[in-house]
Every structure is written in C-alpha cells, then in structure tokens.
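Close look at the chain arrangement
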Amino acid sequence: MPTDTLPQPGKTPGKPAGELIRLERVTKRFGTNTVLDHLDFSVDAGKHVTLIGPSGSGKTTILRLLMTLLKPDEGTITVDGQQLFPASDKQVREIRKKIGMVFQQFNLFPNMTVLRNITEAPVTVLGMSRDEAGERARDLLDLVGLADKRDARPTQLSGGQQQRVAIARALAMRPQVLLLDEVTSALDPELVAGVLDVLRDIARSTDITMLCVTHEMGFARDISDQVLMFDSGRVIEAGSPEKIFNEPEQARTREFLSAVL
Ligand SMILES: Nc1ncnc2c1ncn2[C@@H]1O[C@H](COP(=O)(O)OP(=O)(O)OP(=O)(O)O)[C@@H](O)[C@H]1O
Ligand SMILES: [Mg+2]
C-alpha cells in the first residue's frame with residue numbers, strides 16, 4: 001500500500017519535531033515499595049523508544065502514569081507540553097486523546113463487531129461521523145490485514161487477529177503516541193510474528209511516536225531509535241539498539257540480555 005493512502009495517525013504537517021514526552025524526577029511508591037525512583041527520560045516526537053528490563057522493574061507503571069491511570073508521588077510528567085499532574089479533568093481528557101494504548105490482553109468489546117470496535121470511540125469521543133469513522137476503520141483493517149473480518153465478533157478471531165484489531169482500534173483515535181505493553185506476550189508463538197509485522201509496518205509508514213515495552217528483542221532491535229534498560233525503577237542504560245544489544249556497558253544489562261536472548 002503506498003504510504004500516502006495510509007491513515008497516518010500521527011501526521012501533523014509542518015509541526016517541528018521535538019520533545020513529546022518528558023518525565024522528570026518521577027517517583028512512584030506503592031506503600032513502602034518504591035517502584036520508580038527519581039526517573040528521568042524523554043521521548044522526541046516520531047521516535048520509537050523501547051523499554052526493556054526485568055519483571056517488576058516498573059515498565060508498566062510508566063505506561064499507566066502516562067495514561068493518567070496512576071499519579072506520581074513526586075516529579076513531573078509532560079505530554080506535548082502539557083503537564084499531566086496537576087491537570088483539570090478537561091486537560092486530562094485532552095491528553096488522553098493524544099495517547100493510544102494496546103495492552104497484553106486485548107480488551108475488545110465482545111458484543112460488538114470488529115468494525116464497531118474500531119469506530120465506537122472516534123464517534124462517541126471525537127464526534128466523528130459514522131461514515132467517516134467507518135471509512136477510516138476500513139483503511140485501518142487493511143493496514144492490519146483484516147479487511148475480511150470487519151463483521152466478525154472478537155470471539156470468532158484468533159488471539160493474533162484480536163490483537164491486530166486492538167492496534168487498529170488504538171490508531172483510530174489518531175493518537176500522537178502509541179503505548180504498547182507486551183502486546184504479544186499473551187499470544188501463541190505462531191501468532192506473534194503477524195502482530196509484530198503489523199507494528200513494524202506502522203513504525204515504518206507513520207510518524208506516530210511509539211513507547212514500547214517488549215520482551216521481543218529482535219523486534220526491539222528492528223524498530224527502536226532508542227532502547228532504555230530499566231532496573232529497580234531507574235534507567236540504568238540507554239542507547240541505540242546496536243549499543244544496547246551489541247555493546248552493553250552495564251553488567252546488569254548483559255545479565256538481563258543473556259537471560260532473554
Ligand atoms: N497497583 C499496585 N499496587 C501495588 N503494587 C503494585 C501495583 N502495580 C504495580 N505494583 C508493583 O510495582 C512494581 C512494578 O510493577 P510493574 O507492573 O510496573 O512492573 P513491570 O516492569 O511492568 O513488570 P513485568 O515485566 O512483569 O510486566 C512491582 O513490584 C509490582 O508488584
Ligand atoms: Mg509489565
């Protein structure tokens with residue numbers, strides 16, 4: 001498909017590339033457990049950043065903070081220049097519109113067709129007409145390779161197909177940022193490649209900013225502009241995929257990679 005016919009969810013012509021997400025000294029505790037410890041990092045518009053690190057290191061917590069599902073105890077988070085906390089309900093709604101998230105569990109609406117799953121939020125939240133939302137949904141279903149499934153129900157699809165619908169549903173809101181949290185880890189191994197191919201395609205053909213938690217190191221190597229290695233709530237090492245995967249500086253990174261590669 002030529003790129004000019006793709007939905008290009010993140011396209012904002014003429015807008016200079018710059019910092020889209022910034023976390024400054026972000027601390028998050030659950031009781032006495034300090035999950036994020038004065039965390040700093042930023043993501044530039046259009047970049048693809050991958051978070052890797054051991055289980056429990058705080059990766060999902062970062063995505064939940066960005067989705068405003070959690071509040072930090074200290075520090076500031078800004079998305080597209082707007083501070084997330086404190087923010088009015090209206091500001092939070094505006095920020096949420098900029099961010100799409102795909103979860104490990106697909107969470108599709110089981111009582112709606114595939115097409116309706118994708119058109120529902122654009123119609124009810126963005127006020128898009130049903131016709132326009134339907135047209136965009138068809139383009140997105142082409143993009144994820146499911147044009148023939150638009151009238152199916154989620155239960156009639158494989159896990160990989162459901163996850164591709166979930167990706168299309170997130171893109172239908174034209175988010176500036178796509179947050180992906182281990183989107184293939186609940187899938188049977190033979191379904192993983194198809195979903196990763198779709199994400200590679202999106203990374204290549206749109207200018208959407210991606211912040212991606214994954215254990216798929218080959219995928220991370222392919223799509224990432226930058227890889228952040230987390231441990232105990234801090235970024236312990238950051239760099240290009242070549243640097244992190246070929247010449248990690250930290251012993252902890254080497255140890256982690258040797259366990260997962
Ligand atoms: N709602 C919560 N209440 C209490 N503790 C929590 C809560 N959510 C997360 N935690 C704790 O915070 C820490 C980080 O969790 P998080 O889910 O961010 O880790 P993760 O890096 O995504 O791990 P995984 O790779 O296993 O998904 C863990 O110790 C977890 O037990
Ligand atoms: Mg997690």
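Bear in mind that the values here come from a model prediction, so they are computed numbers and not experimental data.

**Concerning the site of ligand 1**
- For ligand 1, the full set of nearby residues is F30, N33, V35, P54, S55, G56, S57, G58, K59, T60, T61 and E182.
- In this structure, an oxygen atom belonging to ligand 1 sits 3.0 Å away from a main-chain N or O atom of G58.
- E182 is positioned with one of its side-chain polar atoms (N or O) 3.4 Å from an oxygen atom of ligand 1.
- Within the complex, 61% of the 640 Å² of free accessible area of ligand 1 lies under protein.

**Considerations on the UniProt feature "domain: ABC transporter" (unreviewed entry) in the chain**
- As recorded in UniProt, the feature "domain: ABC transporter" (unreviewed entry) lies at residues 21–257.
- Across residues 21–257, the secondary structure splits into 39% helix and 26% strand, with the terminal C-alpha atoms separated by 26 Å.

**Describing the sheet that holds strand β1 (residues 19–30)**
- Read across the open sheet, the four strands follow the order β2-β1-β4-β5; overall the sheet is antiparallel. In this open sheet, the two strands that pair with only one neighbour each are β2 (33–44) and β5 (82–83).
- The pairing of β1 with β2 spans eight bridges and is classified as antiparallel. Residue pairing for β2: I21 is matched across the bridge by V43.
- The strands touched by helix α1 (residues 59–66) within the sheet are β1, β2 and β4 (74–79), with β1 carrying the most contacts at an inclination of about 115 degrees.

**Comments concerning the nonpolar core**
- Within the largest apolar cluster, 37 residues are counted, with the highest numbers of intra-cluster contacts made by I118 and L199.
- Put simply, the parts of the chain that give this core at least two residues each are α3 (114–124), α4 (130–143), α5 (159–171), β7 (177–181), α6 (189–205), β8 (209–213) and α7 (217–223).
- Here the element with the most residues in this core is α6; it accounts for seven residues.
- Once residues lying within four places of it in the same chain are set aside, the contact partners of L199 are I167, L180, V183, M210 and F219.
- Judged by nonpolar contacts, the second largest core, of 30 residues, contains I21, L39, V43 and V213.

Cut-offs used in this document
- Residues numbered from 1 in each chain as written.
- Chains lettered and ligands numbered in written order.
- Predicted model: local features only at pLDDT ≥ 70, side-chain atom pairs only at ≥ 80, totals over all residues.
- Heavy atoms only, no water.
- Near = heavy atom within 4 Å.
- Polar contact = N/O pair within 3.5 Å; in protein donor to acceptor, adjacent residues only side chain to side chain.
- Areas by Shrake-Rupley, 256 points an atom, 1.4 Å probe, with all protein chains shown as cover.
- UniProt positions renumbered as here; feature names shortened; annotations may be inferred.
- Helix = DSSP H or I, 4+ residues; strand = E, 2+ residues; numbered from the N terminus.
- Pairing = 2+ DSSP bridges.
- Contact = heavy atoms within 4.5 Å.
- Axes fitted to C-alpha atoms, helices over the stretch in contact; angles between N-to-C directions.
- Core = buried A, V, L, I, M, F, W, Y, C linked by side-chain atoms within 4.5 Å.
- Buried < 20%, exposed > 50% of the residue type's maximum accessible area, 1.4 Å probe, protein only.

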